[in-house]
Every structure is written in C-alpha cells, then in structure tokens.
Amino acid sequence: MKSIIIAMTLPMLYLCFKLPDLIKLPEKPRKSSLISLPVSEGSRNANVSRNHSLLSWNEDGKTLVSHWQNDRWSQVKDLGLSFQTNWLDQAQFLVFEGAYYGAGRSPEKGSRRIVVYKSLDGETWTDNELDIPVSDTGELGFIKLFAIGGNLHISWIEGYENHSRLVAANLSSKNINKVVLDSKVCDCCPYSVTNINQDSVALAYRDRSDEELRNIRVIKFDSSLKPSEIVLKQNDWHTESCPMNGPSLIRSHEGLSLAWYSILQSKGRVFYAHSSDLNTFQTFNPMDGFQGSSGRVSLTNISGEKGLLSWVGPDENGKGRIWARPITIRGEGGPTFELAGMNLSLKSGYPTLSSNDDKTYITWTSLGRDTVMMRSFNESFFKYGIEELRQEEIAKSRSTVYEDVPLQDLGREQIILGNKKETLLVFWASWCEPCLKEIPLLNRLLKQRPQLQLISINLDDMENEELQKVSENLGINYSIVPDPKGDLQEFFNVTVLPTAILISKEKSELWRVVGNNTKALKKKLNIELNL
C-alpha cells in the first residue's frame with residue numbers, strides 16, 4: 001500500500017513544481033508605485049530633468065535640489081538657492097561637463113537679473129555673477145540652459161515694445177550678447193528645448209502674430225544662434241489671450257517628437273507630430289480626452305520607437321486627471337491611461353514626464369495633499385488596462401450648484417452668491433497683464449450699476465494682507481475673494497485668465513467671456529446689463 005501511495009505522490013510533486021513552466025502563465029502586470037521624495041508640506045513648482053537625474057522645487061521661498069542616486073532621491077540641504085518661480089515658470093538645472101548649473105530670475109524685489117549658479121558637487125553653489133543683458137520692462141522669465149558645441153547657452157523670454165520676444169546667448173563668451181530668435185512670442189507660455197546632437201538644438205514655442213494667431217513654431221540652430229524653421233502643419237488658433245499652454249519637444253528615434261495643445265472646433269485638443277528628417281513635421285490626428293483637454297502636455301521616450309504623451313483634463317465625472325497614451329513615431333496611439341488624480345486649477349502646475357532605464361515617472365503638485373508627488377511605472381504597465389492602476393489621490397468633483405459655493409473676501413467676511421442680485425465673477429491674477437487692463441472697466445461698471453454684485457476671484461499665491469496692498473495699489477474698488485489653491489477656479493471650470501462669468505439672480509450661469517477680450521466683455525455688459 002505504501003509503495004502505491006509513494007508512486008502516486010512523486011508525479012504529483014513533480015507537476016506542482018513544473019506546472020507553471022509547462023503552461024507558461026502570463027506574468028502579472030506590475031503596478032505603479034509612489035516614489036518617496038525629500039519634500040515637505042507646501043512644496044510647489046517642481047521640475048525634473050528628462051533623464052530623471054535632477055529634481056528641483058520651491059519650498060518656503062527657497063529652491064531645493066535633489067539627485068537621483070541608487071534608485072532614490074538624495075536628501076536635501078538648504079543650499080542658499082532662491083529664484084522667482086510660479087506654476088508656469090520653474091528654475092532650470094543642467095549637468096554640463098561634470099558640473100551642475102542652475103538658472104532663474106533673481107528673487108530680489110524689483111530685480112530684472114538672471115542668476116546662474118554653479119556647483120562642482122551639487123551641494124556648494126556659487127553665483128557666477130554673469131552680466132546677462134535683459135530688457136528693462138515687461139516679461140522676464142522662462143529661462144532655459146542648454147549646451148551647444150561644448151559651450152553653455154541660455155535662452156529666455158523678455159518684454160519688448162509692449163509685447164514679448166524670445167532671445168538666447170552664449171554664456172561662454174567674455175562679452176555676453178543676446179540674439180533675438182523670434183521678435184514676438186506668447187507672453188506666458190512655456191517653451192521646450194532639446195539637443196539634436198552635440199552641435200545643435202531644437203526649440204518649440206508658441207508664436208504670436210499681429211493677428212493674434214497663437215500657433216506652435218519649431219526652430220533649430222547651432223552655436224551661431226541663427227534659427228531655421230522646421231515646418232509644422234497645424235490648425236490656426238486665434239485668441240487674444242495667452243493660452244498658458246506650451247509645447248513639449250523631445251529627441252526620439254533619430255528625429256524629433258512634438259506635442260501641443262490647441263482649440264479645434266471649440267474643444268481643447270492635444271496634438272502630436274514627428275519629424276524624421278529634422279526639416280518637416282508630420283502631424284497626426286488629435287488625441288481625444290474623455291471630456292476635452294486642459295492641455296499642459298509632456299512627452300518622454302519609453303523604448304525604441306515608442307514614447308509616452310501625457311496631458312491634463314477631466315474624466316466623465318468632471319474630476320481632474322493626468323492622462324497618458326503610448327504613441328509611436330508614426331502616430332500610432334495605444335489606449336489612454338490615467339496616471340494620477342490632479343486638481344484642474346492652474347495652481348497645480350505642469351505635470352512632468354521623465355524616464356531612465358526601463359521606468360517612466362510622472363511628477364506633479366497635489367493641491368489636496370499640499371505637496372509635490374512622483375509616481376513610477378514599468379514599461380509593462382502600459383500593456384494593460386486602466387483598471388490595473390490604483391488611484392490613491394481623489395480629486396474634488398466640480399459641483400454645478402452655484403449657491404453652495406463658499407466665498408470669503410479679504411476681510412474674511414462671507415459673501416452670498418447672488419443674494420437677489422445678478423453677479424459678475426471675474427477671475428484674475430496680478431501677473432496677468434490682460435487682467436490688469438480690465439480693472440478700469442470693472443471700476444466703471446461698479447459705479448454705473450451699483451445693484452450688480454461684482455466679485456473678483458484672485459489666483460495669486462499671497463497672504464490676504466499682501467493681496468490687500470496689491471489691490472489697493474492697482475486701484476481695485478470691488479470685492480476680492482482669494483483663491484490661492486484654485487478651488488473656485490476648478491469649481492467654475494476656469495482654464496484661461498481673465499475669465500468673466502455672469503450669474504443670474506437664480507444662481508445660474510448666463511454667459512462667460514474667456515481671455516483677453518475686452519471688446520467682447522464690453523459688448524456683453526452693454527447688452528445684458530443695459531449700461
């Protein structure tokens with residue numbers, strides 16, 4: 001009897017060990033994971049290099065830097081670095097010839113100086129004290145560092161004759177002279193730079209014509225800084241306001257890949273194009289989101305001919321999400337994946353894709369958790385369905401009942417929306433030039449129509465006392481409701497500044513005017529309010 005049992009047991013044991021190999025069960029997909037970051041509560045404006053080697057962010061008014069070492073981010077010290085940054089415009093860091101460089105606008109009040117720091121070890125930084133020539137007024141920011149022909153170069157956007165222009169300079173020269181790459185560009189749209197090879201770079205930005213066309217333009221240049229255009233076919237986008245949406249450009253499979261945001265048939269869309277010959281782009285069909293897109297695109301390489309394109313937009317329930325889609329250089333798109341929950345407010349900034357080895361990373365600011373976050377993905381993740389990603393950040397859903405909106409002015413007094421009056425809500429920020437141009441019109445409106453409830457929603461990241469002083473200096477005579485975290489901006493689905501929304505006595509939306517369109521706003525006010 002024992003011999004029979006042994007005879008039956010041995011084959012069973014063999015099968016237990018060999019069965020998985022015999023039937024070749026598919027590998028269980030590896031899920032994403034949150035990366036531990038050396039950041040604290042209140043961290044903002046993160047920027048990560050595309051090769052995932054450097055991470056910078058703002059915290060308590062300081063710029064902090066961490067290095068990717070042994071599959072983790074290094075702990076940080078107070079390095080004494082500080083730049084002017086915001087959700088659109090972050091400090092820029094680059095590793096060049098064995099040294100670290102960081103560049104940005106000086107944080108000193110009223111300063112129009114571009115600061116370039118250098119470090120040999122990533123911990124001790126010194127100001128190079130370069131005399132970089134910048135304009136006297138207007139925009140100054142979106143500073144980028146890049147290398148051409150063994151020399152360090154810099155580019156930035158600056159004000160010039162009531163508009164902005166894109167310029168660049170060779171920092172290795174004894175006398176730094178800037179060269180104008182484009183004499184008129186979008187004031188507040190980030191741009192993207194990538195090396196074609198050691199001796200040349202390509203740069204993608206949002207152009208601005210005299211007719212207010214805000215199309216994407218791509219140029220390439222070598223150390224001479226003489227740009228030539230890489231042809232890109234696209235639908236014209238005519239808007240008088242800055243879209244606050246820049247392109248993403250990467251070197252991919254012996255060519256260039258480009259993603260950008262635009263409006264097509266009154267809907268926000270994300271577009272993708274690839275250039276194999278570095279002279280002309282082939283543009284593919286737009287990437288459709290579930291309910292349209294808010295833009296804020298990013299691109300990175302995954303492997304071979306495959307890349308990953310991300311953008312920000314709502315899901316079918318109006319909740320903010322970071323979406324992504326694998327895409328080949330031939331425009332072949334895979335399924336759409338949800339990478340993370342994200343507040344749709346502009347304050348949440350630009351999510352950034354980066355990659356190294358076989359992993360891809362997404363970095364973003366979580367307003368709900370009040371901190372910078374990062375998540376990693378193995379390449380195999382993008383072979384499986386969206387259900388494989390466990391969503392850990394729940395974005396607030398946007399209500400449609402306007403009477404439930406909590407409003408509190410600078411004096412922390414509650415404001416009741418409507419209150420048997422028509423209400424004009426105006427979303428603005430002190431850094432938004434078109435917003436400031438509307439102030440005299442709104443002051444006149446308040447005086448001529450006292451029965452109208454006029455409320456301005458401010459998106460600056462300021463304390464109430466500071467915002468009060470700013471509003472007094474600007475001569476604002478109407479109520480100001482601070483919205484530093486962008487909760488009201490998300491609630492009312494505002495993606496462009498300025499935006500004006502007229503609410504009826506019954507608290508329903510009558511109309512809205514989006515962007516720098518004072519003529520349309522005047523026309524609406526005259527018709528609807530009989531001024």
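Whatever comes next refers back to the structure up there.
Figured I'd write up the structure that's included with this text. Model, not experiment: these values are computed from the prediction.

Quick look at the overall build of the protein
Link 1 in the chain: When helices and strands are tallied, the protein shows six helices and 35 strands.
Link 2 in the chain: Expressed as a percentage of the 531 residues in the protein, the buried residues total 55%.
Link 3 in the chain: Counted over contacts in the protein with a minimum sequence separation of 6, partners at least 24 positions apart contribute 54%.
Link 4 in the chain: On the protein, roughly 25,100 Å² of surface is accessible, and the fraction owed to carbon and sulfur atoms is 46%.

Describing the side chain of Ser241
Link 1 in the chain: Residue position: Ser241 is located in the loop between strand E17 (228–230) and strand E18 (248–252).
Link 2 in the chain: Judged by relative accessible area, which is 4%, Ser241 ranks as buried.
Link 3 in the chain: Here the side chain of Ser241 touches Thr239 through a polar contact of 3.3 Å, side chain to side chain.

Some remarks on the pattern of salt bridges
Link 1 in the chain: Taken as a whole, this structure holds 13 salt bridges when the rule is applied.
Link 2 in the chain: Between Lys178 and Glu158 there is a salt bridge whose closest N-O contact spans 2.8 Å. With Lys178 in strand E13 (residues 178–185) and Glu158 in strand E11 (residues 151–160), the pair connects residues that are 20 residues apart, well separated along the chain.
Link 3 in the chain: Since its relative accessible area comes to 0%, Glu158 is described here as buried.
Link 4 in the chain: Between Asp210 and Lys184 there is a salt bridge; the shortest N-O distance is 3.1 Å. Of the two residues, Asp210 is situated in the loop between strand E15 (200–206) and strand E16 (216–221) and Lys184 in strand E13; the sequence distance between them amounts to 26 residues.
Link 5 in the chain: Relative accessible area serves as the criterion here: at 18%, Lys184 is assigned to the buried category.

Notes on unusual backbone geometry
Link 1 in the chain: With a phi angle near 65 degrees, His52 is a residue other than glycine that sits in the positive phi range.
Link 2 in the chain: Following the sequence through the fold, His52 ends up in the loop between strand E2 (44–48) and strand E3 (54–59).
Link 3 in the chain: Here His52 falls in the buried class, since its relative accessible area comes to 0%.
Link 4 in the chain: The backbone of Glu129 sits at a positive phi, close to 50 degrees, despite the residue not being glycine.
Link 5 in the chain: Along the chain, Glu129 falls in the loop between strand E9 (125–127) and strand E10 (140–148).

A look at the packing of aromatic side chains
Link 1 in the chain: In this structure the tally under the stated criterion is 11 aromatic pairs.
Link 2 in the chain: The interplanar angle of 85 degrees and the centroid separation of 5.6 Å between the aromatic rings of Phe93 and Trp125 together place this pair among those described as edge-to-face. Placement of Phe93 in strand E6 (residues 92–96) and of Trp125 in strand E9 is noted, with a sequence separation of 32 residues between them.
Link 3 in the chain: In textbook terms, an aromatic cluster arises when at least three aromatic residues are bridged by ring pairs, as seen for Phe83, Phe93, Tyr100, Tyr117 and Trp125.
Link 4 in the chain: For the cation-ring pair, Lys144 lies above Tyr191, with the distance from its terminal atom to the ring centre recorded as 5.6 Å.

Some remarks on the sheet that holds strand E35 (residues 509–514)
Link 1 in the chain: With mixed pairing, the five strands of this open sheet are ordered in space as E33-E32-E31-E34-E35. Of all strands in the sheet, those bounded by a partner on one side alone are strand E33 (479–482) and E35. Along the sheet, successive strands turn relative to each other by an average axial angle of 20 degrees, direction set aside.
Link 2 in the chain: Sheet strands in contact with helix H4 (residues 464–474) are strand E31 (423–428), strand E32 (453–458) and E33, and its direction is about 145 degrees off that of E33.

Thoughts on the pairing of E35
Link 1 in the chain: Where strand E34 (residues 499–503) meets E35, five bridges bridge the pair, whose relative direction is antiparallel. Considered in E35, the bridge of Ile501 is made with Arg512.
Link 2 in the chain: Connecting E34 to the next strand, E35, in antiparallel fashion are five residues, including Lys507 with a positive phi near 70 degrees.

Focus on the sheet that holds E3
Link 1 in the chain: Taking strand neighbours across the sheet as the criterion, the four strands line up as E2-E3-E4-E5 in an open arrangement whose pairing is antiparallel. The two strands at the open ends of the sheet, each matched to only one other strand, are E2 and strand E5 (72–73).
Link 2 in the chain: By the bridge criterion, three bridges tie E2 to E3 in an arrangement that is antiparallel. For Arg44, the partnering residue across the bridge sits in E3 and is Asn58.

Observations concerning the side chain of Ser43
Link 1 in the chain: Mapping Ser43 onto the fold places it in the loop between strand E1 (33–34) and E2.
Link 2 in the chain: Among the polar contacts made by the side chain of Ser43, one reaches the side chain of Thr371 at a distance of 3.0 Å.
Link 3 in the chain: A polar atom in the side chain of Ser43 sits 2.9 Å from the backbone nitrogen of Val372.
Link 4 in the chain: Those residues in contact with Ser43 that sit more than four places away from it in its chain are Trp57, Asn58, Glu59, Thr365, Asp370, Thr371 and Val372.

Some remarks on the pairing of E32
Link 1 in the chain: Extensive coverage of E32 is indicated by the burial of six of its six residues.
Link 2 in the chain: Both faces of E32 are covered, namely the face carrying Gln453, Ile455 and Ile457 and the face carrying Leu454, Ser456 and Asn458.
Link 3 in the chain: Sheet topology note: the E32/E33 ladder contains four bridges and is parallel. Within E33, the residue paired with Ser456 across the bridge is Ile480.
Link 4 in the chain: In this fold, the crossover linking E32 to E33 by way of H4 has right-handed handedness.

Thoughts on the nonpolar core
Link 1 in the chain: Counting 66 residues, the largest nonpolar core has Leu424 and Leu497 as its most contacted members.
Link 2 in the chain: Per-element tally for this core: the top contributor is E31, with five residues.
Link 3 in the chain: Residue contacts for Leu497: discarding those within four places in its chain leaves Ser241, Met244, Leu346, Phe427, Trp428, Ala429, Trp431, Cys432, Cys435, Leu459 and Gly515.
Link 4 in the chain: With 19 residues, the next largest nonpolar core counts Phe96, Ile143, Trp156 and Leu171 among its residues.

Focus on a negative patch on the surface
Link 1 in the chain: Taken together, the side chains of Asp461, Glu463, Glu465 and Glu466 present a region of like negative charge at the surface.
Link 2 in the chain: Summarising the element assignment, Glu466 is placed in helix H4.
Link 3 in the chain: Classification of Glu466 by relative accessible area gives partly exposed; the value is 44%.

Definitions and limits used
Residues numbered from 1 in each chain as written. Predicted model: local features only at pLDDT ≥ 70, side-chain atom pairs only at ≥ 80, totals over all residues. Heavy atoms only, no water. Helix = DSSP H or I, 4+ residues; strand = E, 2+ residues; numbered from the N terminus. Buried < 20%, exposed > 50% of the residue type's maximum accessible area, 1.4 Å probe, protein only. Contact = heavy atoms within 4.5 Å. Areas by Shrake-Rupley, 256 points an atom, 1.4 Å probe, with all protein chains shown as cover. Polar contact = N/O pair within 3.5 Å; in protein donor to acceptor, adjacent residues only side chain to side chain. Salt bridge = Lys/Arg side-chain N within 4 Å of Asp/Glu carboxyl O. Phe/Tyr/Trp six-rings, centres within 6.5 Å; stacked < 30°, edge-to-face > 60°. Lys NZ or Arg CZ within 6 Å of the ring centre and 35° of its normal. Pairing = 2+ DSSP bridges. Axes fitted to C-alpha atoms, helices over the stretch in contact; angles between N-to-C directions. Right-handed = clockwise from strand over helix to strand, strands pointing away. Core = buried A, V, L, I, M, F, W, Y, C linked by side-chain atoms within 4.5 Å. Patch = residues over 30% accessible without salt bridge, like charges linked within 9 Å, V, L, I, M, F, W, Y side chains within 5 Å. Lys, Arg positive; Asp, Glu negative; His and termini not counted. Charge placed at Lys NZ, Arg CZ, Asp CG, Glu CD.

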